[in-house]
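Given next are the chains, with one letter for each unit.
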Amino acid sequence: MSKARISPVRSGFVHLALVAYTIIALFPVVLTIVNSFKDKNAIFRSPLTLPTGSSFSTVGYETVLKQGDFISYFQNSLIVTVVSIFFALLFGAMAAFALSEYRFRGNTLMGLYLAIGIMIPIRLGTVAILQGMVAAGLVNTLTALILVYTAQGLPLAIFILSEFMRTVSDDLKNAGRIDGLSEYAIFFRLVLPLVRPAMATVAVFTMIPIWNDLWFPLILAPGEATKTVTLGSQVFIGQFVTNWNAVLAALSLAIFPVLILYVIFSRQLIRGITAGAVK
Amino acid sequence: MGSLQLKSIRKAFGGHEVLKGIDLEVKDGEFVIFVGPSGCGKSTLLRVIAGLEDATSGSVQIDGAEVVNTPPAKRGIAMVFQSYALYPHLTVRDNMGLGLKQAGAPKTEIDTKVAKASSMLSLEQYLARRPSELSGGQRQRVAIGRAIVREPKLFLFDEPLSNLDAALRVQTRLEIARLHRSLKATMIYVTHDQVEAMTLADKIVVLNAGKIEQIGSPMDLYNKPGNIFVAGFIGSPQMNFIEAARLGDTQAKTIGIRPEHITLSRDAGTWKGKVVHVEHLGADTIVYLETEKTGLLTVRLFGEHKFAVDDIVYATPDTSLMHRFGADDRALG
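Note that the coordinates shown come from a computational prediction; the quantities given were computed from them, not determined experimentally. (Residues numbered from 1 in each chain as written. Chains lettered and ligands numbered in written order. Predicted model: local features only at pLDDT ≥ 70, side-chain atom pairs only at ≥ 80, totals over all residues.)

Student: So what exactly am I meant to see when it comes to the overall build of chain A here?
Tutor: Scanning chain A from N- to C-terminus turns up 13 helices and zero strands. Structurally, chain A occupies a C-alpha span of about 75 × 70 × 30 Å along its principal axes. Buried positions account for 32% of the 279 residues belonging to chain A. When contacts within chain A are restricted to residue pairs at least 6 apart in sequence, long-range pairs at least 24 apart make up 76% of them. (Helix = DSSP H or I, 4+ residues; strand = E, 2+ residues; numbered from the N terminus. Buried ≥ 20, exposed ≤ 12 C-beta atoms within 10 Å, placed from the backbone. Contact = placed C-beta atoms within 7 Å.)

Student: Any chance you could explain the overall build of chain B here in plain terms?
Tutor: Along the backbone of chain B there are eight helices and 18 strands. Taking the principal axes of the C-alpha coordinates as reference, chain B spans close to 75 × 45 × 35 Å. Taken across its 333 residues, chain B has 39% of its residues classed as buried. Sequence separation of 24 or more characterises 63% of the internal contacts of chain B that already satisfy a separation of 6 or more.

Student: Explain the interface of chain B and chain A here, please?
Tutor: Bring the parts together and some accessible area is lost; that lost area is often taken as the interface size. At the interface, 18 residues of chain B touch 15 residues of chain A. When contributions to the side of chain B that touches chain A are tallied by element, the ones reaching two or more residues are strand S6 (77-80) and helix H2 (92-102) of chain B. Classifying every residue of the side of chain B that touches chain A gives 13 nonpolar, five polar and no charged. (Nonpolar A, V, L, I, M, F, W, Y, C, P; charged D, E, K, R; others polar.)

Student: I would appreciate a short explanation of the domain arrangement of chain A in the present structure.
Tutor: All names here are of chain A. Domains assigned within chain A are domain 1 (1-57) and domain 2 (61-278). Using only C-alpha atoms to locate each centre, domain 1 and domain 2 end up separated by 30 Å. Taken together, the elements giving at least two residues each to the side of domain 1 that touches domain 2 come down to helix H1 (8-36) and helix H2 (40-45). Of the residues belonging to the side of domain 1 that touches domain 2, the class tally is three nonpolar, three polar and one charged. (Domains from an automatic or database assignment.)

Student: Help me out: how do you make sense of the sheet that holds strand S11 (residues 240-243) of chain B in this one?
Tutor: One key point about sheets: their strands pair by backbone hydrogen bonds, in either a parallel or an antiparallel sense. Residues and elements named next belong to chain B. The sheet built from three strands is open, its strands ordered S11-S12-S18 with antiparallel pairing. Only two strands of the sheet have a single neighbouring strand rather than two, namely S11 and strand S18 (323-325). For this sheet the average axis-to-axis angle between neighbouring strands, irrespective of direction, equals 25 degrees. Both S11 and strand S12 (residues 254-257) contribute to a ladder of four bridges, which runs antiparallel. Paired with Ile242 across the bridge in S12 is Ile255. (Pairing = 2+ DSSP bridges. Axes fitted to C-alpha atoms, helices over the stretch in contact; angles between N-to-C directions.)

Student: Would you mind showing me how to read the sheet that holds strand S9 (residues 203-208) of chain B here?
Tutor: Residue and element names in this part refer to chain B. Taking strand neighbours across the sheet as the criterion, the six strands line up as S6-S7-S8-S3-S9-S10 in an open arrangement whose pairing is mixed. On the outer flanks of this sheet lie S6 and strand S10 (211-216), each paired with one strand and no other. The average undirected angle you get between the axes of adjacent strands in this sheet is 20 degrees. As paired strands, S6 and strand S7 (residues 154-158) are joined by four bridges and run parallel to one another.

Student: Is there a simple way to think about the nonpolar core in this case?
Tutor: Note that soluble globular proteins tend to have their nonpolar side chains buried in a common cluster. Membership of the largest hydrophobic core comes to 127 residues, with the highest contact counts inside it found for A:Leu145, A:Leu161, B:Ile33, B:Met79, B:Leu156 and B:Ile188. The element best represented in this core is helix H7 (residues 142-166) of chain A, accounting for 13 residues. If near-sequence neighbours (up to four positions away) are discounted, A:Leu145 is found in contact with A:Val80, A:Phe216, A:Pro217, A:Leu220 and A:Ala221. Ranked by size, the runner-up nonpolar core spans 13 residues in total, among them A:Val229, A:Ala246, A:Leu248 and A:Ala249. (Core = buried A, V, L, I, M, F, W, Y, C linked by C-beta atoms within 7 Å.)

Student: Is there a simple way to think about unusual backbone geometry in this case?
Tutor: When glycine is set aside, most residues are seen to have a negative phi, and most peptide bonds are trans. Backbone torsion omega between B:Ser236 and B:Pro237 reads -5 degrees, so that peptide bond is classified as cis. With phi around 65 degrees, A:Asn140 is a residue other than glycine that occupies positive phi space. Looking at the element boundaries, A:Asn140 is found in the loop between helix H6 (126-136) and H7. C-beta crowding within 10 Å serves as the criterion here: with 16 such atoms nearby, A:Asn140 is assigned to the partly exposed category. A positive phi is found at B:Asp310, a non-glycine position, where the angle reads about 80 degrees. C-beta crowding within 10 Å serves as the criterion here: with 8 such atoms nearby, B:Asp310 is assigned to the exposed category.

Set out below in structure tokens:
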């Protein structure tokens, strides 16, 4: 970029805006982590100061690890998130491939129908979903959550992936057909690797709401064996007394798995982008 | 082996008819080129032959066998695409061998065939590389190699040189011509570049708006164009078309004369005119004249000539090489 085009004032404002946004976005996260290492008095007396020698305490973490089965909560959250992402990506990509690759009657209409879920929140159907799960005997199972989250993730996956799949060269797919690849092989071996950056984007967008969701675990799987982390943390929030140490510690711990997943996906994202640039 | 027969092929997308009844016969070992302006249906026709598009009606026969219901992989064809269409995640070796691998050929057979094809195209040292590590010309050679390895009855080329720069284009053109001679295979080649068509083809098929305008050898089309479209499409610079009435010919509607069949003189000649523009190409000099009788006229002279804009010159056509076209735009005998 040429120097002449960047005025220091303008770039100053840009940086100011970015720094302000970063602070606003990180503030609650930092506050949560900082306060999770303080004793109860310090949390209330000076919530904004860092833990000092006298106020430092890991009592929250101790409570979390002792009380309740937090390892199992984490496990449930991870299983639900990973499996839901897997199915949402798999079925979303398949539907997107069909919509972008094949000409059939009602193609556009089908695409619109599948994308409607982006505009209508799935929670509107909670009662019907609960009735369905009860009838199917799936209440208090992780399967119930996985089914709901897969359905919740599909519209966005189909919408984004079908746009990306349209950009995959027709010649490449036709070369595969001439070489005798089946339509499944073309999908899995030619198209999917080329839309990997888009898959990573969809995975990130799908993952966060699933991990953070409290609504469906509370309604569909509140049993002890199927509790997720967000639901599990609720035991420390009472009507009259809230164990803030424990709540903050649980939330701080809950950040890490999702952070790791994000790092994995975002590496894919960046690799995909650079691979496209040099090609 | 390697003949092709098309009978009244029609193809419509929605209500729009792209191919309007194509009949064509290609003999074993022929190099046939489909040429025509953009949107004339030449690529669609190639795709119908390959089986990548279904014709709305008509029959496609390869070696006498009807293949309309045969999937592309089983038609005994290989195709080279304009965009190379190499598998980005496979090495050159795997790119070339994939077709045979899918057909269930033993590994040793695949290896020998890949080795043979890569030595033909001097690709041996690149076999372990991926397409992204190759230049454009090398990629297109790999794509051609992938076709050779399959030992197809029909080679189909879809504008294979369009993405290459001018020097590479000439080089790859020679390579394709050499391949055709050594493999003696039937090749069908689509291009919009008439130079490629003239230099490579045994037989050129000129397509326009979904119909075949004329089929013939390159020199047939050059010397005896069947109608105005072919006359204008084959040859560069384009043939001059003059209203016949202005030259006193009452039977024909249009008179055509190629730029290279006109001579110029400063002293005397048939048509007096003024030079509008001159292009010096070294081997050729292209002179654009505005004459009273014929309007704008393009003249191609061999070698260097010192004409300048606004010079008054006389143009003389070689009357034995004039083409006459009737009211229906067809050539008059």
